[in-house]
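# Survey of secondary and tertiary structure
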Amino acid sequence: MAIVTAIIAYGSFVLTYLLPPQIPPIQPYQYGALLAGSGWVAWLLLNWRQERGDPCLLPCALFLVSVSWLEIYSLGLATQDYAQGPRQAVFTALSLGVMVAMVYFLGNYRVLEEYKYTFLCGGLVMQILVMLFGVSINGATLWFRIGGISIQPIEFVKICLIIFLAAYLRQFRYWLRLGFVSKAGRLPRKALVMLGVGMAVAELLLVAQRDLGMALLLFGIFISMFYVTTGRRDIVALTFLLSGAGAYLCWKYFTHVQIRVANWLDPFAQYEDRGYQMCQALFSLGNAGLDGTGLGLSQAYRIPEVVNDFTFVALTEELGLLGIAALILGVVLLVARCFGVALRAQDEFGAILATGLASLFAWQSLIIMLGVTKMLPMTGITLPFVSAGGCSLLSSFMVLALVWIIDAQDGRSNALGGEG
Amino acid sequence: MRALKERARFLAILFIFLLVLPLVNISRYACLDNEELLRHPRNHYGAAESDLLGSIVDRQGRPLAFMKEGERRYPLGPAAGPLLGYCNPVYGLAGLEAQLSERLQGFSVPRSLNQALLLWDKRDRRGDDLQLTIDSQLQRRAYEALAGRRGAAVLLEVPTGEILAMASRPAYDPNFSALKRDWARLTRDPQAPLVERAGQGMYPPGSVFKPLIMAAALEEGLTNPQAHFDCQGRAQVGNFVLNCHDRHGMLSLAQALAYSCNVAFADLGMRLGMERIRQWMRTFQMEGRLSAVPGAVTAKLPEASNPSAPAETAIGQADTLVSPLHMARLAAIIARGGLDIEPRLLKAQVREGEEIIWQPPWPQPRRVLSAQSAQLVAQAMLLTVEEGTGTAAQVAGVQVAGKTGSAENPHGATHAWFIGYAPAQKPRYAVAVILENAGGGGRYAAPCAQKILKAALASQP
């Protein structure tokens, strides 16, 4: 697996030679080498510590990163944003560094459980700060701008929330399993109600903040973690019902939700303005065919914001149906291995946390892949390891580090030690 | 703990299935069902399918639009600009390029066995060439004849109904470099240079409508060649006063057309009534689309119902709107002695430069008018050019028949119209010219039509 990934990563910077040599000041192979090299170094560092994390996780991520880096690089050339490819390579290297640092220095991950309210508050504070002091892009206030770099705190808030949820669910798991009707008094019910109200408020805030993708993602993660922890199908069904009603009300009262839905049903009706992006994406998909146009040969640069929201479509156009199926298999493998970590974990907190992180990858990929292929209303969230953007990459690698740590400390080592 | 892991395993399997879902729509849009997307007029990809796009050629096979070094070239420049439209990755598709893009990309193969094979080699096959009935020489001459004016000209080959020229001004050069230079001006110009006027312009017909009224009145038995009219310069229809541009005095039916007497035709119009006028416009095929002229508009039939409406409609005012192509067709019907042949712009779709894979169905000539009535109208139109309002259309050595028109409109001076055909005895070419807000048809449009007819007659082998 590692070798295959290495070939792709090295191939990536060999291929950059073939890209049109328009811009002398930037030498693509240097950044290709940086990307591939940092991947190798991270891989060696993890193994050097004799950490027994899942050996498949990092190669999967590197596969996605290196394929999409090529795409981002060539789209950068097409849109004349020449710094885009190099920037992405540097971000990747930095994120890998953070990942290795987390693995090395984050002692025992169970400590995270003790600080669950710290994570909750930290997340809330970040979110409130961005609402107050953030900058708006496209009508949504979701970014900090510090020294020319945009930071999207929600990328980190979501990790904080998952840690909190894992800890909370573990603490109250027996109560939560009782559901509404219990003879144990009012306290168990209170845990459930608190959780429900908290999630509802968070969802509403996100919708009002116009971050529909994140609202959907948070809902998905929450429901997955809740189900795995409690196994209460009736409550899950009830949540779906209530959320459905909530979604309908949001659609009724928020115009930006209506716009998204109308745009999804018929993007051509609003071709001139709001539908333009989706229409171009459809044209791009239409051009893909079975085998695609070949890397660097697409015209996906016509899609506005292609590297952030529509990298997946650009990849589809270039790799074709077969190529993108391979890429999706990469995502599936990553998600499956993350769940594998949850299945191996000896500790319930570890298992719930790993489930949360795995479903983060799964839902996030699912929502955006369905969004850009017009199976769901389009929401602007990133595809983990594939979309351009430093925050998204960093957050994805942090999640990967957490999963690795859970496995290394609690899963493989114990399992192997215990059984063999 | 065990139950928890069971559920996590269930969730993992669920996700594995869910994550494959995007492939449903990807395979739909990318492979199975992408023809509609690829043909969508907004799709700029067709414009950029560079050298694979087929050429557009004229009736002699001379290129009108072709790919060279990844760019679409238009040798005629603005002379055929609004007709052909443009095709490039920046501004997309317009005009015939847009309407024919499907054929030019060569996608219209039978949707059966080939479909599966097409998944593989669609992008590698060169599109088909498209032959038009246009004659690029005459197209250029027609465009030059309109110089300095706003307006349009249509030239038809009478025996076949093929369109030899469709010029429109103001025009634009569809070559990419020119388009890039002029784009801001073109899109903002109130004179709308991007509009193709010959087939898609809608104008009040004015007096060029009178041959139709005359033919209709003759066919309905409401008048006869011996009829005569007394023009006192004005006519009263109910409480509506209709002015004639002259006090013609006593006129025969043929003279009423030749001198374009409003009083006489208001009388004929009142005898016909609105319903029969509308019916005759339908008989002359002014309503409906043309299968072999993409984009050509349907005429707007008159709807007014006030008591004087038939009189106004009969002199081509009121709310009737027609295109120059409709009027050229009218002239051609008279020229053929009452036979109608549907005008055609598309000639053939040629694959790999040799095999004709599609042709518009050969139109059956249809009799819409008895030979006698047509002959009477033809004689009156001949008189128009010999001594009536259309003397400026005379061509030395050839008899020309025609009709002038000066259509009042809300935008200023009258639109100058001329329709006609030549030679009168054995008609070969029919023409329609409109010059927007130029003034009188006899003074402005007739000389312009004369130039076009002269060029056409000189070109014949």
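The sections below set out a description of the structure shown in this document. Computed from a predicted structure; not experimentally measured. (Residues numbered from 1 in each chain as written. Chains lettered and ligands numbered in written order. Predicted model: local features only at pLDDT ≥ 70, side-chain atom pairs only at ≥ 80, totals over all residues. Heavy atoms only, no water.)

Structurally, Ser 66 of chain A is set in helix H3 (residues 57–78). Polar contacts involving the side chain of Ser 66 of chain A include one to the main-chain carbonyl oxygen of Phe 63 of chain A, which spans 3.3 Å. (Helix = DSSP H or I, 4+ residues; strand = E, 2+ residues; numbered from the N terminus. Polar contact = N/O pair within 3.5 Å; in protein donor to acceptor, adjacent residues only side chain to side chain.)

On to the nonpolar core, then. Grouped together as the largest cluster of nonpolar side chains are 141 residues, with contacts concentrated most on Leu 58, Met 99, Phe 385, Phe 397 and Leu 400 of chain A. Residues within four places of Met 99 of chain A in sequence aside, it is in contact with Ala 42, Leu 46, Leu 58, Phe 397, Leu 400 and Ala 401 of chain A. (Core = buried A, V, L, I, M, F, W, Y, C linked by side-chain atoms within 4.5 Å. Buried < 20%, exposed > 50% of the residue type's maximum accessible area, 1.4 Å probe, protein only. Contact = heavy atoms within 4.5 Å.)

Moving on to the sheet that holds strand E6 (residues 129–132) of chain B. All names here are of chain B. Taken together, six strands build an open sheet; the order of strands is E3-E2-E1-E6-E14-E15 and the sheet is mixed. The outermost strands of the open sheet, each flanked by one partner alone, are strand E3 (71–73) and strand E15 (355–358). Relative to strand E2 (residues 63–68), strand E1 (residues 56–57) runs antiparallel, the two sharing two bridges. Each bridged residue has a counterpart across the sheet, and for Ile 56 the counterpart in E2 is Ala 65. (Pairing = 2+ DSSP bridges.)

Moving on: the state of the cysteines. Note on terminology: a disulfide is the covalent bond linking the sulfur atoms of two cysteines. The final tally for this structure, using the stated rule, is zero disulfides over all chains. The cysteine Cys 231 of chain B is free of any disulfide, with Cys 261 of chain B supplying the nearest cysteine sulfur at 3.7 Å. (Disulfide = S-S within 2.5 Å.)

Counting residues at the interface gives 56 residues for chain A, matched by 36 residues for chain B. Together, the buried faces of chain A and chain B total about 4200 Å²; carbon and sulfur atoms form 73% of this surface. Taken together, the connections running from chain A to chain B amount to zero salt bridges. For the pair chain A and chain B, the number of links is seven residue pairs in polar contact (both at pLDDT 80 or more). (Buried area = accessible area lost by both parts, 1.4 Å probe. Salt bridge = Lys/Arg side-chain N within 4 Å of Asp/Glu carboxyl O.)

With that settled, consider the pairing of strand E10 (residues 234–237) of chain B. Alternating residues of E10 of chain B divide into Ala 235 and Val 237 of chain B, all buried, and Arg 234 and Gln 236 of chain B, none buried. Counting the residues in the hairpin turn of E10 of chain B and strand E11 (residues 240–243) of chain B gives two residues, including Gly 238 of chain B, whose phi is positive at 60°.

Moving on to the packing of helix H7 (residues 154–171) of chain A against helix H9 (residues 186–208) of chain A. All names here are of chain A. At their nearest, the axes of H7 and H9 sit 13 Å apart, and the two run at 170° to each other. As far as their axial angle goes, H9 and H7 are roughly antiparallel. Residues Ile 154, Leu 165, Tyr 168 and Leu 169 of H7 lie in contact with H9, whose contacting residues are Ala 191, Met 194, Leu 195 and Leu 206. (Axes fitted to C-alpha atoms, helices over the stretch in contact; angles between N-to-C directions. Parallel < 35°, antiparallel > 145°, perpendicular 65-115°, else oblique.)

Residue and element names in this part refer to chain A. Counted as a void, the second largest pocket has a volume near 1500 Å³. Glu 203, Phe 219, Ser 243, Gly 244 and Ala 247 are the residues nearest the centre of the second largest pocket, which is lined by 46 residues in total. Looking at the lining of the second largest pocket element by element, the count peaks at 13 residues for helix H11 (residues 233–253). (1 Å grid on protein atoms, 1.4 Å probe; cavity = no way out; pocket = protein on both sides within 12 Å on 5 of 7 lines; lining within 4 Å. Points joined across faces, edges and corners; volume = space filled by probe spheres on them.)

Here the focus is the pattern of salt bridges. Under the defined criterion, the tally for this structure stands at 30 salt bridges over all chains. Across the pair Arg 344 of chain A and Asp 407 of chain A runs a salt bridge, and its minimum N-O distance is 3.0 Å. Of this pair, Arg 344 of chain A sits in helix H15 (residues 311–344) while Asp 407 of chain A sits in helix H17 (residues 390–419); the two residues are 63 residues apart in sequence, bridging distant segments of the chain. You can call Asp 407 of chain A buried: its relative accessible area is 0%. Among the charged side chains, a salt-bridge network with shared partners connects Arg 59, Glu 157, Glu 162, Arg 344 and Lys 347 of chain B.

Hydrogen bonds between backbone groups are what pair the strands of a sheet, and the pairing can be parallel or antiparallel. Residue and element names in this part refer to chain B. In space, the five strands of this open sheet follow the order E8-E7-E19-E18-E17, with antiparallel pairing throughout. Every other strand in the sheet has two partners, leaving strand E8 (162–169) and strand E17 (401–409) as the edge strands with one partner each. Averaged over all pairs of adjacent strands, the angle between their axes in this sheet comes to 10°, without regard to strand direction. With eight bridges connecting them, E17 and strand E18 (residues 412–422) associate as antiparallel partners. Among the inter-strand pairings, Gly 402 is bridged to a residue of E18, identified as Gly 420.

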